[in-house]
Amino acid sequence: MMSDKGSHQEPPLPPDLDWLEQLSEEDDGDLVAAADYGQKRSNDETARMFKLRRNLDQLDSFHRQKEHGVLKTREELKLCSENVKSLEEQRDTLEEEIDQQKAADNSVAVFRLRTQHKHLCQKLQSEEELEGRINTELKQLKRELNEVEVELSRFSSLRQELQEEELLFQDLKVQKAATRLRQEREATQNLQLKIQQHKDKQVIMKKKEERECQKKIEEHQANCKITAKYLKETIKRLHQEEAEKEEQNRQLQEKRIQAVESLKSNIAATQESFRIKQSRAKANAQEKEQQQKQLRESLEFQGINSFRHMHQQKQLETIKQKQEEFEERQKSKKVIVEKIIQKEQLVKSRTRQQAKLPNISSTDKLSSLGRVGDWNYLEPRPPPATEERATAQLRETCGLSSSSSASSDDEDPEETMRQEVDHLSLADSLAQPECSGLWDEKYKKLLNEKTALVQTEVKQEEAAMTSGKLNVPAGKVHGKKWKGPSFISKPEVILFKDFEVGKMYKKKFVLTNTSYIKNHCKLVGVSAQLKDCISINYKPPGSLSVGMSCDMQAVFQPMINEDLEGDLHFSSAAGPFSVPVRCTIKKCELEVDSQLVDFGSHVVGQTISRTITLSNKGALATLFSLDTTTWPSPESHHVQMPSPVSAHTCQETSSQNTTCGSQKSSGEIRTKQERQKLCEAAQQEKPGEVSEGSAVGPEALPEACVSTDAELNLDEDTSDISLGNVREGEIGTFESIKLEVVFAPTVPGEAKLDFHIKFSNQSSKPIPIHVRGTAVSIPVWVVRPTVDLKICMFDRLYQDTVAVHSRASTALKVTFDVCPEMRKHMKLLPKTGFIQAQSSFNAQLKFLPRLSLSKDATKYFDSDTGVLEVPMTVQVAGQVQPVHFTVQAVVTCTDLQFEPTEVDFGYCSVFHSVRSRVRLSNLSLLPQEFGFLGVPEFIEVQPNDGFGTLLPQETLDIDLIFSANEAREYNFQLTCKTEINRDFLLSCRAVGVRPPLELSHSLIQFRATALCGNSQAIIYLTNPHANRNQSKQPVTPVVKDVTTPEGPRLFSFTLPKDSDISITPSVGRLLPGQRCKVQVTFRPRMLEQEITEEAQRVVQRAKVLREKELAMKRLSEQETKKEIPVEPVKGKKSPASLKHSKMPDEPKKDQQSESPYPVDIQPGSEQYEQARASLLGSVTQRWSDFIVPCFISDGDPPDDDRQAPPTWSAFNTLYLKLQCPAVKPSLLVISSNGHSIIDFHQVAVGQRVFKKFTVQNISNEPLDLRTSLLDIHGPISLLNALRCIRPGGKHTLLFAFSPDQEKTYCETLDICDHRMSLEVTLRGEGVVPDVTSSHPGGLFDFGCVLEKESTSQVVKLQNNSAVEVGFRVLLASLSPPRPQSAAEIVAVMLGDYTDSEVRPIVGTQNYSGRSVFSAGPVKGSIAPGQSQDITVTFQPDHQSVKYSDELTIQLMNKSEVCVMDLTGAASSHNMYLHGGDVLNVPFEPLLLPLIPSQAQPTEDSEGRSEPRITVLVTLRARCSGGAITPAVRELQVGCIRSSKKSGEFYLDNVASLQQQGFSMEPSKGTVEAGHTRTIRVTWIPHSGHKPYEVVQTCVPLTVKGDEKHVYRVTLMASVSHTAD
């Protein structure tokens, strides 16, 4: 084919290579176009270049594909040839066996072998045909490959031209990039110029703004001076006014204290009188009881019934008391009736004057009837029963009203009497007339009807009001108009103040008719919010004249503790009206007299105190505390301010007259014992609660219980304003407390303190307090109280100016004083001077610190920190207090320190550079510039070539790189000079040596290697010396002109710990002039710590998400619970409230159950591998540098001791530097937990195990995968092909492992793409299975069973191997027939089957078609060290003794564990007989017999015929050497177990047997169910027995079970002279 290359007629290309013709045509056209355009490149040429490169790459890919096809076809052809060769060998072997069997005249074996030969020839023919096809295909592929190679050679020149064009294109790209970079730099420079100009403009603008700001500050200071002048006058006037007001308040306070003391005395007197009354009543009761006891004894002594007599006396006393009470009521009623008569007369006189009289209502008629008669007939008489009931009700009402709150105590006696009268009826209030009239007959009836219809009328009135259809007459009567409601209430608002839940309160109010007509009022209803707790007690008053009023009582019984508001709705003839009702709970009404305390201006050194009054105008006590830490929100700043009279109660005192400790608050007047008792009582009560007594008497209103303990001080501000001793305590109801604020200025300037008063009552908001004060300095002061010289160095001069100002009106003499310790280091010039009035004076401060400063001024200078603080004094003539100021500075040294002070580079190879690191420390607090000058040429100082700046207290690492240029000793010094011209020296020494071995490369730069991939590099290690004079002893180079001895050398590479580098070989021996190849491999991997941290982050994120889900779930559950309305029972908490009360404890339990320790991630766990995969997907480029030392020995071990370790010299060490960049991999293993090792573990020989290996493309471009070849004869194979994987796609490789030998296998497969190579390790171990059976094999007899019944036996398999083994159970009856079985059947049919012990494999089968023998389970697997039970069941359906089958237990590798011959018999009766010779063929037809066989009938002793079964027993005695051996046979009589009945047997005509030499023992017996009995048959021939004479006799054997059977046993005996 290569010879046709130059011919004109080229062979046509195949269809799949047609594109090559198009490529050649396009290439020719492109070359012509390139010649026209010359060196000019265009877009078309660039596109042509890329297109040409793509086509050539496709051609190369096609070439590789053809090569792969040829290799694969060659492997298939080789495999097919081996198969043909093995088949031919088998054919030859079969032909030899056929010839042997023909010679042995074994037709059956010949038939079988011919059949196998035929099958083998067919298989051989098919293999030869396959070989021919593969050979043809290989030739075709080779031809196509040659064609592709020819095409490649055609485009070789084009390929070279393309490479040149690509180089030109790359050069052009580089030029363009350089041009673009130059343009970018120019643009950057222009931009920097613009930015610099903008910064300059900003600096100019900033300076201008500073000048304007300074000018404004000066103007502001001048204005402040003018304002301060007028402010002083105003403050002085205000102080005078405040002093006057303070005096007035003090007098008023004294009066109040006196009133409180008098009230306390009155309360004490009242309590004493009440106690006396109680004791007196108790004494009277005891005396009365004593009298009754004496009376009872005297009556009993006289024989009178004492109990009856005393009961009568009590009744008389009760009647007398009632009469007295009735007389008192009559007297009060007379007064009331007189008032009523007067009012009615007044009404009558008004009605006469009217033109038209209004209609008289029934009530008016009743009242007019009631007024008829004389009032003088009223006489006292006993009250009727109705009056007694009314009296009892009145007493109960009085008792309740007396025990109610203090709100009903202010009612006058007249109102109380009026209330009592209202509870009685009008008929009961008058006496009986002399003659009966309308009064007695109709009034009570009308009254009862009226009271019965009150509720219905009220409801009708309320309905009318709601509908808006009230008949309201006009507000004009007789030309007069009135405005407002027709009735007015007194009081206008019914107020229940400071109520408590559970108590009852009553309030009386009066409604007065203010209209100009006779009117009436009716209660319509109560507001909705008051219906459950407000009730009205009243009697319908009827029509009321103008000016008349009616009394009503409102009863309030609160159920909830909150403010209530509403109205009482009434209706009248003039229209509806309402009375407002207000109910308020106990509250704290807290206020202060002033929220701003302004002390004004005071001179430094004075102490001023003022007080703030905190008042509680509510009925609820609370605890208070002063807090200066935080400031309340602006919402709580609203405080109710008091009246202007009490707004100025602050008291100002001077420190020269009185002290702040001499003033005491009003609460401190009490004794300490009383205060302690009140505090204990306040602590026992709950916050926000007040006892019942607090609402009744003033004795429950104690003064404030104040804590004055000094240990309870709050965190005060650092200002000059402080709080007094009273900072927390309790403020009672209607009580006030004075709080003290002290101002003691120490520094001139404004001082302020903001604090607020907090209360324990949640409804009370904090009250903010603002305290302000200004301190004025002395006349002479220093502008800068602290002169800070910043950081200073020793032995250098520093200067500054001290400015002193005077606000005095005269000149003053000032003297500057320096402490004696500092006079050597510090001066103030001049020492004395005069400062003019309202002027300033400047002094010059000079500071020159000496090195003796730490010794001279130990009091002011701290040598550890270098801080200097010197107090300075300015003495002013005529001024007692001097002016103090402080001079501060930090004094530091200028030393630089080397660590270490001497550098020893040691032995340095001339092939390498040695680096030593020195720490250069700046001990100064100022930055210092330094530089190394005069550095030798063989040393290098880095960084920045030994120049730089050291910041204060900074330590810089200086690298000294020493490169020996020859083998000798080096001693030199390096000089470091600072900017203040100080020199610091560093001594260095080294020894240069030349190692005996050389590396071809001392630096290896690996390509960018993907994680989980590998890169390799080859270097050479050479021993350059010739092997002339080998030195045995090492020589240490410690002198000049170091020489290295020649000879063999040992080397060893030492890898860094936990590195990704491997070197092969790492150790070895080199002879002089020998070179060793060294392979360095870089396998990057992830760090264990990074993977563990990522796994912990993943677990933590999952945990946070789980907690959020639980929180959301709890929130949703709480919301659902809130949506369900629950009505709480009175006096009990609702379940919802109980749940909410337990809610805060649940998060604590959750927090305690959480483990505070970090998650323990074990390598190889699921979290670990997930984190590893996550990091591989997000990994970035990583760069690592390693330096690997190669240690070289001084020579071989000595000859006398070769086991001794060789000597090594540190100075002969070579160093190999490795630069290892690692990048993100393109392939990621996502199966096997990310491991690239596929371990099949132990697999039984003959079994096949599959494993999947999945990879994912994590790059951004598709990948074409290819793999290396596996061993085609090995047990490991790749079952599927590779394909292109898209970005993010996955591909699964299926591997199979099928070992055929007991050994360990390991192979390596490389999965490659254009970026990385993924190495996959495949390993597995073949193990021969070891399975044993509880049955050794052979005969497995089930015995005899009843037909259509079954019996089972268990065979146990034990797996003794270390792998899981599969098995299956095969029955010959269910398996395809075998040739051996057919041969046996033929032999039996031919009559050669005469041995009774030999049976066919498959015997009689069931008529139903169901298998006689069955086994389960049919297949399965046994775990290592475990066992498996196989149950074999025998179930016949008809009577036979020829049941048999073969059971084979086989493993998956075709090996047999055991082979069992299954036999069994079935009987229709429970008794059976086994033994004897076979009388027929051991096969039975599968068809049912048409005529059942019948045995010969016999007659028993009773004349009944019974069937007889014939049994033949053949006996052969042996004669050898004249001695005859008796013949012995056995018969088995058995009873089936399932019958559960025993049987018996017996022999007849035993005597006739003995005559012929036969004996049968036993002759009779019984057989238990499930057992057998053996009948031993023995024949001993007589002495005159003739040879070859057959003795025959017959004996009947009768067996009895469920039925009786008779066996006819025929005995045939003979003598044999030869052994059978």
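Computed from a predicted model, the values in this text were never measured in an experiment. (Residues numbered from 1 in each chain as written. Predicted model: local features only at pLDDT ≥ 70, side-chain atom pairs only at ≥ 80, totals over all residues. Heavy atoms only, no water.)

Asks: Mind showing me how you'd approach the packing of aromatic side chains here?
Replies: The geometry of two aromatic rings is summed up by the distance between their centres and the angle between their planes. Under the definition given, this model contains 24 aromatic pairs. Judged by centre distance (5.7 Å) and plane angle (85°), the rings of Phe50 and Phe169 are edge-to-face. Of this pair, Phe50 sits in helix H2 (residues 43-103) while Phe169 sits in helix H4 (residues 156-302), placing them 119 residues apart in sequence. Residue Phe50 is classed as partly exposed on the basis of its relative accessible area, which comes to 48%. Plain terms: the ring middles of Phe1340 and Phe1342 are 5.2 Å apart, the flat faces sit at 15° to each other, and that makes the pair stacked. Lying across the ring of Tyr1020, Arg1075 places its NZ or CZ 4.0 Å from the centre. (Phe/Tyr/Trp six-rings, centres within 6.5 Å; stacked < 30°, edge-to-face > 60°. Helix = DSSP H or I, 4+ residues; strand = E, 2+ residues; numbered from the N terminus. Buried < 20%, exposed > 50% of the residue type's maximum accessible area, 1.4 Å probe, protein only. Lys NZ or Arg CZ within 6 Å of the ring centre and 35° of its normal.)

Asks: For this particular structure, what's the right way to read the sheet that holds strand S60 (residues 1338-1346)?
Replies: Sheet strands associate in pairs through backbone hydrogen bonding, adopting either a parallel or an antiparallel arrangement. The strand order S60-S67-S66-S62-S64 describes an open sheet built from five strands, whose pairing is mixed. The sheet is open, and its two edges are formed by S60 and strand S64 (1419-1422), each paired on a single side. Across this sheet, the average inter-strand angle for adjacent strands is 25°, counted without regard to direction. Of the pairings in the sheet, the one linking strand S66 (residues 1440-1451) to strand S67 (residues 1456-1467) comprises nine bridges and is antiparallel in character. Bridge assignment links Asp1445 to a residue of S67, and that residue is Leu1462. (Pairing = 2+ DSSP bridges. Axes fitted to C-alpha atoms, helices over the stretch in contact; angles between N-to-C directions.)

Asks: Help me out: how do you make sense of the environment of Arg1368 in this one?
Replies: For Arg1368, the location among the structural elements is in strand S62 (residues 1365-1371). Placed 86 residues apart in sequence, Arg1368 and Lys1454 show a C-alpha to C-alpha distance of 9.7 Å. The residues touching Arg1368, leaving out its near neighbours within four places in the chain, are Val1418, Lys1419, Thr1448, Ile1449, Gln1450 and Lys1454. (Contact = heavy atoms within 4.5 Å.)

Asks: Could you clarify how one ought to interpret the pattern of salt bridges in this entry?
Replies: Side-chain pairs of opposite charge can arise where the charged atoms are in close proximity. Inspection of every chain in the model, using the stated rule, returns 30 salt bridges. Asp60 is the salt-bridge partner of Arg159, the closest N and O atoms lying 3.1 Å from each other. In this pair, Arg159 sits in helix H4 while Asp60 sits in helix H2, placing the two residues 99 residues apart along the sequence. The class for Asp60 is buried, based on a relative accessible area of 18%. In this structure, Arg154 engages Glu151 in a salt bridge whose closest nitrogen and oxygen atoms are separated by 2.8 Å. Of this pair, Arg154 and Glu151 both sit in helix H3 (residues 107-154), three residues apart, which is roughly one turn of that helix. On the accessibility criterion, Glu151 (4% relative accessible area) is buried. (Salt bridge = Lys/Arg side-chain N within 4 Å of Asp/Glu carboxyl O.)

Asks: I'm lost on unusual backbone geometry in this one. Help?
Replies: Most peptide bonds take the trans form, and the phi angle of most residues other than glycine is negative. Lys490 connects to Pro491 through a cis peptide bond whose omega is 0°. By the element assignment, Pro491 lies in the loop between strand S3 (487-490) and strand S4 (494-499). With an omega dihedral of -10°, the bond running from Leu829 to Pro830 counts as a cis peptide bond. Mapped onto the secondary structure, Pro830 falls in the loop between strand S25 (826-829) and strand S26 (832-835). Even without being glycine, Asp498 reaches a positive phi, approximately 55°.

Asks: Just to check I follow, could you spell out the pairing of strand S34 (residues 939-942) for this structure?
Replies: Consecutive residues of a regular strand have side chains that alternate between opposite faces of the sheet. Alternating positions in S34 separate cleanly, Ile939 and Val941 being buried on one face and Glu940 and Gln942 remaining unburied on the opposite face. Here S34 runs beside strand S36 (residues 955-963); their pairing, made up of four bridges, is antiparallel. The residue of S36 that forms the bridge with Val941 is Leu960.

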